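# Architecture at a glance
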Amino acid sequence: MKLIARQLNVEDDGIPGYIVYPERAERGPSLLIIHQHSGLTGHLKTEAYKFAKLGYVTVIPNLYHLLGYPALTHIHTGTEIQKNTSDSDFVRVIDQGWRYLLGREDVDSSRVGICGYCMGGRIGIHFAACTPNARAFVAYYPSVRDELATKLRPRHPYEAARKIKCPSLILFGGQDSTTPVPVQERLWASFLANGQPLEWHFFPHARHGFASPEAAGYDPQLTELVWPLVVDFLDREIRKPSR
């Protein structure tokens, strides 16, 4: 299988970001990746390549660029941009990437999933909640906090998770300082309340960012253990033409 990887740009593609896809004539499954607070980094490009090897057209929109902060990476600026951007604005620009993906001739629009990492997992909950045609949702340690509603964050992920209309797979660690276990438990209850199939994987000794070599909590052994769980879930929910 020949894979094609390249940057996306506004002039030629309509959105900035990154894409990896298998060269094929027929329509097939695809995946939208929502990046973490540090932006579109090398780690996520590697993840996109791994998904593409499995047959997924994989797109990572550069959300910060779409929000008016053009740059290839935002490692040093992403945290500040995140703090000053509303959830509704994030959902709006993610939707631009979603529409780009669904508009491709090699994508079966009925077999598209969402995968979010860290900040992308949290915002992905909101995006999945308002995107009923999403086929599946995966979140690596979504950075959900037990916080009050604000103008930028008017709806808590607890509430949004109840509205998701597709199967979900959520990965968390017991030593996650961003989203401690009591918060994880409340979020778990919210996902259960949406009535959709749920796979919730909890690793007692894992820290936040355990699957990212760019994070302090990186655990390569656990990363290898988790990958087959994600592959199996997406294979059942997206790769096959029907459930």
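Structural notes, computed from the coordinates. Model, not experiment: these values are computed from the prediction. Each chain carries its own residue numbering, running from 1 in the direction its sequence is written. Only residues with pLDDT of at least 70 are given local features in this predicted model, and only at 80 or more are side-chain atom pairs given and counted; all residues enter the totals for whole chains, interfaces and linings. The basis for every side-chain value is the complete set of heavy atoms in the structure, and neither hydrogens nor water enter the calculation.

## Comments concerning the side chain of R104
Secondary structure elements are defined from DSSP: runs of H or I of at least 4 residues count as helices, runs of E of at least 2 residues count as strands, and each element is numbered from the N terminus. Mapped onto the elements, R104 comes out in the loop between α5 (87–102) and β5 (107–117). Three labels apply to residues, based on accessible area from a 1.4 Å probe with only protein chains included: buried if under 20% of the type maximum, exposed if over 50%, partly exposed otherwise in between. On the accessibility criterion, R104 (15% relative accessible area) is buried. If near-sequence neighbours (up to four positions away) are discounted, R104 is found in contact with I19, Y21, R27 and V57. Whether two residues touch is decided by their heavy atoms; if any such pair falls within 4.5 Å, the residues are in contact.

## Digging into the pattern of salt bridges
Take a side-chain nitrogen of Lys or Arg and a carboxyl oxygen of Asp or Glu: if they are within 4 Å of each other, that pair is a salt bridge. Following the criterion strictly, the structure yields twelve salt bridges and no others. D89 is paired through a salt bridge with R92; the nearest N and O atoms lie 3.4 Å apart. Taken together, the residues span about one helical turn, with D89 and R92 both in helix α5 at a distance of three residues. Taking relative accessible area as the criterion, D89 reaches 28% and is therefore assigned partly exposed. Its relative accessible area of 42% is what places R92 among the partly exposed residues. A salt bridge links R236 to E199; its shortest N-O distance comes to 2.5 Å. You can see R236 sitting in helix α9 (residues 220–239) and its partner E199 sitting in strand β8 (residues 198–207), a full 37 residues away along the chain. Relative accessible area serves as the criterion here: at 21%, E199 is assigned to the partly exposed category. Overlapping salt bridges bring together D87, R122 and R153 as one network.

## A closer look at the pairing of strand β3 (residues 28–34)
Successive side chains on a regular strand alternate, one facing one side of the sheet and the next facing the other. Burial runs high along β3: seven of the seven residues are buried. In this sheet, β5 lies alongside β3 in parallel orientation, the contact comprising six bridges. Each bridged residue has a counterpart across the sheet, and for G28 the counterpart in β5 is V107. Whether two strands pair depends on DSSP finding at least two bridges between them. As paired elements, β3 and strand β4 (residues 57–61) share three bridges and run parallel to each other. Bridged to S30 within β4 is V57. A clockwise course of the path from the first strand over the helix to the second, judged with the strands pointing away from the viewer, identifies a crossover as right-handed. Chirality of the crossover, the property in question, places the unit of β3, helix α2 (residues 42–53) and β4 among those that are right-handed.

## Some points on the sheet that holds strand β1 (residues 3–8)
Reading across from one edge, β1-β2-β4-β3-β5-β6-β7-β8 is the order of the eight strands in this open sheet, with mixed pairing throughout. Edge strands, defined here as strands with exactly one partner in the open sheet, are β1 and β8. On average, each strand axis in the sheet is inclined to that of its neighbour by 15 degrees, with strand direction left out of account. Note: β5 against strand β6 (residues 136–140), five bridges, orientation parallel. Each residue of the ladder has a partner; that of I114, found in β6, is F137. To obtain an axis, a line is fitted to C-alpha atoms, over the contacting stretch when the element is a helix, and the angle between two such axes runs from 0 to 180 degrees between their N-to-C directions.

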